[in-house]
Amino acid sequence: MERQPKSNEVFTAGSAEALERLAGKTERKVGPEAAANQEKLLERARETIEKTETAPKHEAKKGLMESGSSTGISRKLHYRETMVSLQRRLKPASRRFSRLIHHPVVEAASEVAERTVFRPSVTAGAGLTALIVGGAMYGFAWYYGFSLQGSELLILLIIGGISGLLLEVLIRSFKRMTRG
């Protein structure tokens, strides 16, 4: 038994075979009312397909939650619904941890840190500087027999992070100069 299309069913540009099935069903139906309803449905499907084919590609790719508006409200709502749906599948301990790390305050702080302190250039610069210069410094201290204070590693991390950020800025400005 074939599936009956719903009256509010949305057809896409790739549903030509669905139109053919509907056209075939109108011939099989008995009675003028059923044929008229099927013709109306077929006409709506054709109009929807024509609108989809003539619509710009970026509009056709919009998600279900974003189809009505381009505001961030629908994105936030979709994100929240997705998080709740995924958290329901987790074990209770994991669910609590997920709710903690996805709390709006924690996420905002994480995004700020992501854009500043935890940028790849800052992290790489800090790590490499601390590893290379700190390793050499501790090697010399061990070889010559003097002690270090312990704050050297923290200072090297800060210096390396700043140098990584400066290096990123220089590379970006160089790329802009070569493009334009």
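In case you missed it, the structure is sitting above this.
Residues numbered from 1 in each chain as written. Predicted model: local features only at pLDDT ≥ 70, side-chain atom pairs only at ≥ 80, totals over all residues. Heavy atoms only, no water.

Student: Before we move on, can you summarise the pattern of salt bridges with the specific residues and values?
Tutor: The tally for this structure, following the rule as stated, stands at 2 salt bridges. Note that Arg119 and Glu168 form a salt bridge whose closest N and O atoms lie 2.4 Å from each other. Placement of the pair is Arg119 in the loop between α6 (104-115) and α7 (120-144) and Glu168 in helix α8 (residues 152-179), with a sequence separation of 49 residues. Residue Glu168 is classed as buried on the basis of its relative accessible area, which comes to 15%. Of the charged contacts, one joins Arg172 and Glu168 as a salt bridge, the two residues approaching to 3.0 Å between their closest N and O atoms. Taken together, the positions of Arg172 and Glu168, both in helix α8 and 4 residues apart, correspond to about one turn of that helix. Residue Arg172 is classed as partly exposed on the basis of its relative accessible area of 44%. One connected set of salt bridges, linked through shared partners, spans Arg119, Glu168 and Arg172. (Salt bridge = Lys/Arg side-chain N within 4 Å of Asp/Glu carboxyl O. Helix = DSSP H or I, 4+ residues; strand = E, 2+ residues; numbered from the N terminus. Buried < 20%, exposed > 50% of the residue type's maximum accessible area, 1.4 Å probe, protein only.)

Student: Explain the side chain of Ser121 residue by residue, including any values.
Tutor: Tracing the backbone through its elements, the reader meets Ser121 in helix α7. According to the relative accessible area criterion, Ser121 is buried, its value standing at 17%. A polar side-chain atom of Ser121 sits 2.4 Å from a polar atom in the side chain of Glu168. (Polar contact = N/O pair within 3.5 Å; in protein donor to acceptor, adjacent residues only side chain to side chain.)

Student: Hey, could you go over the packing of aromatic side chains for me, with residue numbers and the actual values?
Tutor: The way to describe two aromatic rings as a pair is by their centre distance and the angle between their planes. Inspection of every chain in the model, using the stated rule, returns 2 aromatic pairs. Between Phe140 and Tyr144, the aromatic rings sit 6.4 Å apart at their centres with planes inclined by 20 degrees, giving stacked as the arrangement. Here Tyr144 and Phe140 lie together in helix α7, a separation of 4 residues that amounts to about one turn. Both rings, one in Tyr143 and one in Tyr144, keep their centres 4.9 Å apart while their planes meet at 85 degrees; by these two values the pair is edge-to-face. (Phe/Tyr/Trp six-rings, centres within 6.5 Å; stacked < 30°, edge-to-face > 60°.)

Student: Help me get a handle on the side chain of Glu168, residues and values and all.
Tutor: Polar side-chain contacts of Glu168 include one of 2.4 Å to the side chain of Arg119. Leaving out residues up to four positions away in the same chain, Glu168 has contacts with Arg119 and Ser121. (Contact = heavy atoms within 4.5 Å.)

Student: Describe the packing of helix α4 (residues 72-88) against helix α5 (residues 92-101), with residues and values.
Tutor: Relative to each other, α4 and α5 sit at 160 degrees, their axes nearing to 9 Å. Considering the angle they form, α4 stands roughly antiparallel to α5. Counting all contacts with α4, which are made through Met83, Gln87 and Arg88, the residues of α5 involved are Arg95, Ser98 and Arg99. Among the residues forming the contact of α4 with α5, the class breakdown is 1 nonpolar, 2 polar and 3 charged. (Axes fitted to C-alpha atoms, helices over the stretch in contact; angles between N-to-C directions. Parallel < 35°, antiparallel > 145°, perpendicular 65-115°, else oblique. Nonpolar A, V, L, I, M, F, W, Y, C, P; charged D, E, K, R; others polar.)

Student: Before we move on, can you summarise the packing of α7 against α8 with the specific residues and values?
Tutor: Viewed as axis vectors pointing N to C, α7 and α8 meet at an angle of 135 degrees, and their least axial separation amounts to 6 Å. Taken together, the axes of α7 and α8 lie oblique to each other. α7 and α8 meet at a crossing whose hand is right-handed. Residue-level inspection shows Ser121, Val122, Gly125, Ala126, Gly127, Thr129, Ala130, Val133, Gly134, Met137 and Tyr138 of α7 in contact with α8, the latter providing Glu152, Leu153, Leu156, Leu157, Gly160, Gly161, Ser163, Gly164, Leu165 and Glu168. Broken down by class, the residue content of the contact of α7 with α8 amounts to 10 nonpolar, 9 polar and 2 charged. (Left-handed = near helix turned anticlockwise from the far one by under 90°.)

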